[in-house]
Amino acid sequence: DSGVTQTPKHLITATGQRVTLRCSPRSGDLSVYWYQQSLDQGLQFLIQYYNGEERAKGNILERFSAQQFPDLHSELNLSSLELGDSALYFCASSVVGTGRDIQYFGAGTRLSVL
Amino acid sequence: GNSVTQMEGPVTLSEEAFLTINCTYTATGYPSLFWYVQYPGEGLQLLLKATKADDKGSNKGFEATYRKETTSFHLEKGSVQVSDSAVYFCALPYSGNTPLVFGKGTRLSVIA
């Protein structure tokens, strides 16, 4: 058990809808990362937060947004969903969010857009 | 930014065979290098890391040496087990202290 909790485990929705994925980091970790894993694109970094502030942005679509709350949990919001958004979404956390940090991953949320 | 290239899979080996998964990187400076493993139905977890040139990371019988001359961080294990079946990812920071960039992953299947 990595200590990172993601909910829900599975999500099935329709095109055009909006969903929210939730992540609780390991106790004591200040940085949260979101990744998208798909068969054709591999593991893509979406966005990183550190202590409530956005720290780095990767290949995140404008239809997607995220935030980290004062209790350090994070949410990833996906809107106007398309078939191509179907993927595994992982959250990871680390202590301070530097390049030397070990990232601890949650078990992921599998999103299916029908 | 930094980048990583790892060998394409899938790799299928018999139990007790020797494993090498190649990983080469392009980087400015000497970033930390990582191998992560993803077991079926799970998230990624750190397998090993190395923080400077000539460092050897090791864990669970796996080893990788940070080689700056060849810009490589190949993963090796002398005798694989069925339980090693997983996807292996090589990774390094995109630049400086930014988040990791991962290779495409190499799927390993070990058969008894």
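Model, not experiment: these values are computed from the prediction. (Residues numbered from 1 in each chain as written. Chains lettered and ligands numbered in written order. Predicted model: local features only at pLDDT ≥ 70, side-chain atom pairs only at ≥ 80, totals over all residues. Heavy atoms only, no water.)

A. Up close: the sheet that holds strand S9 (residues 75-77) of chain B. Residues and elements named next belong to chain B. Spatially, the four strands line up as an open sheet ordered S3-S9-S8-S7, and their pairing is antiparallel. The open sheet has two edge strands, strand S3 (19-21) and strand S7 (56-59), and neither has a second partner. Neighbour-to-neighbour, the strand axes of the sheet open up by a mean angle of 15°, direction not taken into account. Bridge count between strand S8 (residues 62-65) and S9: three bridges; the pairing is antiparallel. Across the sheet, Phe62 pairs through a bridge with Lys77, a residue of S9. (Pairing = 2+ DSSP bridges. Helix = DSSP H or I, 4+ residues; strand = E, 2+ residues; numbered from the N terminus. Axes fitted to C-alpha atoms, helices over the stretch in contact; angles between N-to-C directions.)

B. Representation of the sheet that holds strand S1 (residues 5-7) of chain A in the model. All names here are of chain A. Strand order across the open sheet formed by four strands is S1-S3-S8-S7, with antiparallel pairing between neighbours. Bordering the open sheet on either side are S1 and strand S7 (64-68), each of which pairs with just one other strand. Here the strands of the sheet are splayed against their neighbours by 15° on average, with no regard to which way each runs. Pairing between S7 and strand S8 (residues 74-78): five bridges, direction antiparallel. Each bridged residue has a counterpart across the sheet, and for Ala66 the counterpart in S8 is Leu76.

C. Spotlight on the interface of chain A and chain B. On the side of chain B, 18 residues touch chain A, which itself brings 18 residues to the contact. Buried area between chain A and chain B, summed over both chains or domains, comes out near 1,500 Å², and the portion from carbon and sulfur atoms is 57%. Counting across the chain A and chain B interface gives zero salt bridges. Summed over the shared surface of chain A and chain B, the result is two residue pairs in polar contact (both at pLDDT 80 or more). Sorting the residues of the side of chain A that touches chain B by element identifies strand S4 (31-38) and strand S5 (42-50) of chain A as the ones contributing at least two each. Taken together, the residues of the side of chain A that touches chain B sort by class into nine nonpolar, seven polar and two charged. (Contact = heavy atoms within 4.5 Å. Buried area = accessible area lost by both parts, 1.4 Å probe. Salt bridge = Lys/Arg side-chain N within 4 Å of Asp/Glu carboxyl O. Polar contact = N/O pair within 3.5 Å; in protein donor to acceptor, adjacent residues only side chain to side chain. Nonpolar A, V, L, I, M, F, W, Y, C, P; charged D, E, K, R; others polar.)

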